[in-house]
Amino acid sequence: MEFIDEDLQRYAEEHTSPENEILRKVNRQTHLSAMKPRMLSGHMQGRLLSMFSQMLKPKQILEVGTYTGYSALCLAEGLQQGGTLHTIDINEELEDRVRGYFEDAGLSQSIKYYIGNALDIIPTIDAAFDLVFIDADKINNAAYYDMVIDRVTTGGYIIADNVLWSGKVLEKYRKKLDEDTAALLAFNKKVHDDPRVENILLPIRDGLMVARKI
């Protein structure tokens, strides 16, 4: 589901800072050869993630859901010198490709890339996070949130992707209430009702829930 007029979307992209060479490469190759390329954060969302990161200058970032590495590369643009981005994905088939992108970007030393179940891996990472990006299986969004909220620094941010779920968070855009949609409805309410954060749901791409820990 497209949320704004196609021409307006194109105009917005034309007036957004361009991708760098490595991001263009990841974008192009993902659309040519990866399954479900729509999972890629893409140009505008990528620039927004980069801008958040560059404003925060985080020391430690956690990303749940690496896919082909596009969003990790964007988030890493704002890392403090000596900082670390921890990114987790369950799909080992993409590992060599993604590690190659991190190497091409000169970020192999700054990005720790984990393959496996994030619910098992997150507790093993010894860090307090300044920025968390959740973009994995929607069923577990609330579980990821619960696992990280107490480890996010005061003033730090949690950002969750796909929270509008192609509009299916509204009854008029869905035929039935499936598991993923129900999980996202519960997650959005959970964050909105959490007194530990202030939040805004941005209707960018497929929806970003942005929560700042207070």
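Before any of the text, the structure's been laid out above.
Bear in mind that the values here come from a model prediction, so they are computed numbers and not experimental data.

Cut-offs used in this document
Counting from 1, residues in each chain are numbered in the order their sequence is written. At least 70 in pLDDT is required for a residue's local features to be given in this predicted model, at least 80 for side-chain atom pairs to be given and counted, and no such filter applies to totals for whole chains, interfaces and linings, which use all residues. For the side-chain quantities, the full set of heavy atoms in the structure was used; hydrogens and water were omitted. For the purposes of this entry, the term helix denotes a DSSP run of H or I that reaches at least four residues, the term strand denotes a run of E that reaches at least two, and both are numbered from the N terminus. The buried label applies to any residue whose accessible area, calculated with a 1.4 Å probe on protein chains only, is under 20% of its type's maximum; exposed applies above 50%, and partly exposed to all values in between. Distance and chemistry together define a polar contact, namely a pair of N or O atoms within 3.5 Å, with one atom able to donate a hydrogen and the other to accept it when in protein, and with adjacent residues in sequence counting only for side-chain atoms on both sides. Of the two site types, the cavity is a set of points on a 1 Å grid over the protein atoms alone where a 1.4 Å probe fits but cannot get out, and the pocket is an open set with protein on both sides within 12 Å along at least five of seven lines, each lined by residues with an atom within 4 Å of a point. Grid points are joined across faces, edges and corners, and a volume is the space filled by probe spheres set on the points. Residues are sorted three ways: Asp, Glu, Lys and Arg are charged, Ala, Val, Leu, Ile, Met, Phe, Trp, Tyr, Cys and Pro are nonpolar, and all the rest, Gly among them, are polar.

Let's shift gears to the side chain of His 86. Relative to the helices and strands, His 86 resides in strand β2 (residues 84–89). Judged by its relative accessible area of 4%, His 86 is buried. A distance of 2.8 Å separates polar atoms of two side chains, one belonging to His 86 and the other to Tyr 114.

Okay, the layout of surface pockets next. To locate leftover empty space, one rolls a probe as large as a water molecule over the atoms. Here the largest pocket is characterised by a volume of approximately 920 Å³. Taken together, 38 residues make up the lining of the largest pocket; nearest its centre are Lys 36, Met 39, Tyr 67, Asp 135 and Ala 136. Residue assignment for the lining of the largest pocket shows that the elements contributing at least two residues are α4 (70–76) and β2. Class assignment for the residues of the lining of the largest pocket results in 14 nonpolar, 11 polar and 13 charged. Size it by volume and the second largest pocket reaches roughly 530 Å³.

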